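Each chain, letter by letter, is given below.
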Amino acid sequence: MRFHLALTLQALWTGVCQAAMQHYPAAWGHYDVCKSQIYSDEGLTWDYMACQPEAADMTQYLKVTLDPPNITCGDPPETYCALENPYMCNNECDASTEELAHPPELMFDIEGRNPTTFWQSTSWKKYPKALLVNITLSWNKTIELTDDIVLTFESGRPEQMVLEKSLDYGRTWQPYQFYATDCLDAFTMEPKTVQDLTQHTLLDIICTEDYSRGYVWKYDKTVRFEIKDRFALFAGPRLHNMASLYGQLDTTKNLRDFFTITDLRVRLLRPATGATMVDENNLSRYFYAISDIKVQGRCKCNLHANSCVYDKEKLSCECEHNTTGPDCGRCKRNYQGRAWSAGSYLPIPKGTANICIPNNIGPVIRPNVSSLGVANRKEARVCDNELLRCQNGGVCVNNVRCTCPSTYTGLLCEKARCESELGGCGGPNSGQAPLTPPSTSTLLLLLLLLLGSALLRQASCWPAPL
């Protein structure tokens, strides 16, 4: 008897695993599925999961503005000299001629053309007055950065520059990183690199001298803001432990906000000069020119959508889980049975959807299946179900919601409520007790319930719902 039961349970478990593999590919970290159909005591129902859009090139959706607006070269036409050779002055910029114009949109066009296309500023004609340019990239949407921000300069890289971010659509700005040939002189900051950061200093704003060398390094054209190196502080050097990173992003709001933006601003403060002294007799050597800007990220949808649409020059999430809004930031009308909550990356691998539930949710009446000896009875939808009980000591209240212990939160009390600090729940003062894995008897009971449910459905021949 035990042998046959073991074989039956093994077959059932294999089927469950195969179904899971269909919905969760090896790259489970994508969280690309919002819901899937599963069998429960009520028949074919939806299983909801945390989900987010795939990362994409976000420069195709932005709006770029320059300050001052007349800083682009070509009006009037102007001739430029090469920085490394002041006698080579055959570069012309003319806004009225397509082949000689260098408008801002050339910072975001397809690279690989010959000759290279790039935006270019006017020259430093008003020296010693500073040549200042603000380049603002706006999405009119909250986005989450997923890879390094990379600026490629066609001319020498700036000697002084600041990268800034906004989380409120450009109303306020915070520095992301400072860049200079001499950090102490330019910004009164000690020079650092991202390799100097730790998990506890990840949010520090640093000044780096790595990307501001003079014209002798003319083949070093890129300036980076290193997103992946910061991810690696939690996920490991090759980002092999994404579970750790997702756990930190889930429990630490400041960390999550650090990688979230609505706008970016590049403040160019001093162009490359290639020397300690500026050649005042040949100021046409000094200018800014950018051939490419890369910003990789995804729409922020609060883990309630796996796609984002661009319509009428605006990005918006295609919300699931009964949520709505540009960021899926609120419950739909008539689905405010409990307060809205963002989805959660935990537990790995499919997270917690935290779906919005209908107002005044009531019991569901199951059909009378007299042939199976099952009488009419009421089933709760949220937390009084064999497979959806409150976890970690939570108590189900009115068949609607779980009341959780002080150290847990979430729909089923499945999420640890640790202090919002870097390091998450691993600290000695977190108050988080170690999670106890379910016992063998509990697992066996769950498998038997699944098996019994399948047999009941087969015997009753219920039609599959549409």
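Keep in mind that what you see is a predicted model, and the values were worked out from it rather than measured.

Draft legend 1. Up close: the overall build of the protein. Helix and strand counts for the protein come out as six helices and 26 strands. For the protein, long-range pairs separated by at least 24 residues make up 64% of all intrachain contacts whose partners lie at least 6 apart in sequence. Put simply, the protein shows about 25300 Å² of open surface, and 53% of that area lies on carbon and sulfur atoms.

Draft legend 2. Focus on the side chain of T152. Take T152: it is sitting in strand β9 (residues 149-153). For T152, a relative accessible area of 18% gives the class buried. Residues within four places of T152 in sequence aside, it is in contact with K221, T222, A289, I290, S291 and D292.

Draft legend 3. Here's a closer look at the side chain of S166. Relative to the elements of secondary structure, S166 occurs in strand β10 (residues 160-166). Assessed through its relative accessible area of 0%, S166 is described here as buried. A polar side-chain atom of S166 sits 2.8 Å from a polar atom in the side chain of D168. Once residues within four sequence positions are removed from consideration, S166 is found in contact with R171, T172, W173, Q174, I261, T262 and D263.

Draft legend 4. Broad picture of the packing of helix α3 (residues 227-235) against helix α4 (residues 242-251). The contact between α3 and α4 brings their axes to 7 Å, and the two run at 100 degrees. In this view, α3 runs roughly perpendicular relative to α4, as classed from their interaxial angle. Across the interface between the two elements, F231, F234 and A235 from α3 touch M242, S244, L245 and Q248 from α4. Its residues placed into classes, the contact of α3 with α4 shows five nonpolar, two polar and no charged.

Draft legend 5. Spotlight on α4. Counting buried residues in α4 gives seven out of ten residues, a clear majority hidden from the surface. In the core, the buried residues of α4 are packed alongside α3, α5 (253-258) and β26 (415-416).

Draft legend 6. Expanded view of the nonpolar core. Judged by nonpolar contacts, the single largest core of 59 residues is most densely connected at W119, I135 and W139. Element by element, the count of residues in this core is highest for strand β8 (residues 133-145), at six residues. With sequence-adjacent residues up to four places away left out, W139 is seen in contact with M58, Y61, L62, I261, T262, D263, L264, V295 and L315. Residues F178, A180, C183 and C207 belong to the second largest nonpolar core, which totals eight residues.

Draft legend 7. Expanded view of the pattern of salt bridges. According to the stated counting rule, one finds 14 salt bridges in the structure shown. Residues K294 and D292 are paired through a salt bridge, measuring 3.2 Å at the closest nitrogen-oxygen approach. Here K294 falls in the partly exposed class, since its relative accessible area comes to 47%. What you see here is one network of salt bridges that share partners, running through E164, R265 and R267.

Draft legend 8. Region of the structure containing the confidence of the model for the protein. Looking at the protein, pLDDT values average 80 and 74% of them are 70 or higher. A low-confidence stretch, residues 362-381 (pLDDT under 50), is modelled with 29 contacts involving residues beyond four sequence positions or located in other chains. Note on residues 428-438: pLDDT under 50 across the span, and 14 contacts to partners over four residues away in sequence or across chains.

Draft legend 9. Representation of the packing of aromatic side chains within the structure. The final tally for this structure, using the stated rule, is 14 aromatic pairs. Where Y80 meets F287, the ring centres are 4.9 Å apart and the plane angle is 70 degrees; that geometry is what we call edge-to-face. Of this pair, Y80 sits in strand β5 (residues 78-80) while F287 sits in the loop between β14 (260-270) and β15 (289-294), placing them 207 residues apart in sequence. When its relative accessible area of 12% is taken as the criterion, F287 is described as buried. For the ring pair F225 and F258, a centre distance of 6.4 Å and an interplane angle of 45 degrees mean the geometry is tilted. With F225 in strand β13 (residues 222-225) and F258 in helix α5, the pair connects residues that are 33 residues apart, well separated along the chain. In terms of burial, F225 and F258 fall into one category: buried.

Draft legend 10. Region of interest: the sheet that holds β9. Spatial strand order, β7-β15-β9-β13: four strands in an open sheet with antiparallel pairing. Only two strands of the sheet have a single neighbouring strand rather than two, namely β7 (119-120) and β13. Alignment of β7 against β15, held across two bridges, turns out to be antiparallel. Considered in β15, the bridge of Q120 is made with A289.

Criteria and cut-off values
Residues numbered from 1 in each chain as written. Predicted model: local features only at pLDDT ≥ 70, side-chain atom pairs only at ≥ 80, totals over all residues. Heavy atoms only, no water. Helix = DSSP H or I, 4+ residues; strand = E, 2+ residues; numbered from the N terminus. Contact = heavy atoms within 4.5 Å. Areas by Shrake-Rupley, 256 points an atom, 1.4 Å probe, with all protein chains shown as cover. Buried < 20%, exposed > 50% of the residue type's maximum accessible area, 1.4 Å probe, protein only. Polar contact = N/O pair within 3.5 Å; in protein donor to acceptor, adjacent residues only side chain to side chain. Axes fitted to C-alpha atoms, helices over the stretch in contact; angles between N-to-C directions. Parallel < 35°, antiparallel > 145°, perpendicular 65-115°, else oblique. Nonpolar A, V, L, I, M, F, W, Y, C, P; charged D, E, K, R; others polar. Core = buried A, V, L, I, M, F, W, Y, C linked by side-chain atoms within 4.5 Å. Salt bridge = Lys/Arg side-chain N within 4 Å of Asp/Glu carboxyl O. pLDDT = per-residue confidence, 0-100. Phe/Tyr/Trp six-rings, centres within 6.5 Å; stacked < 30°, edge-to-face > 60°. Pairing = 2+ DSSP bridges.

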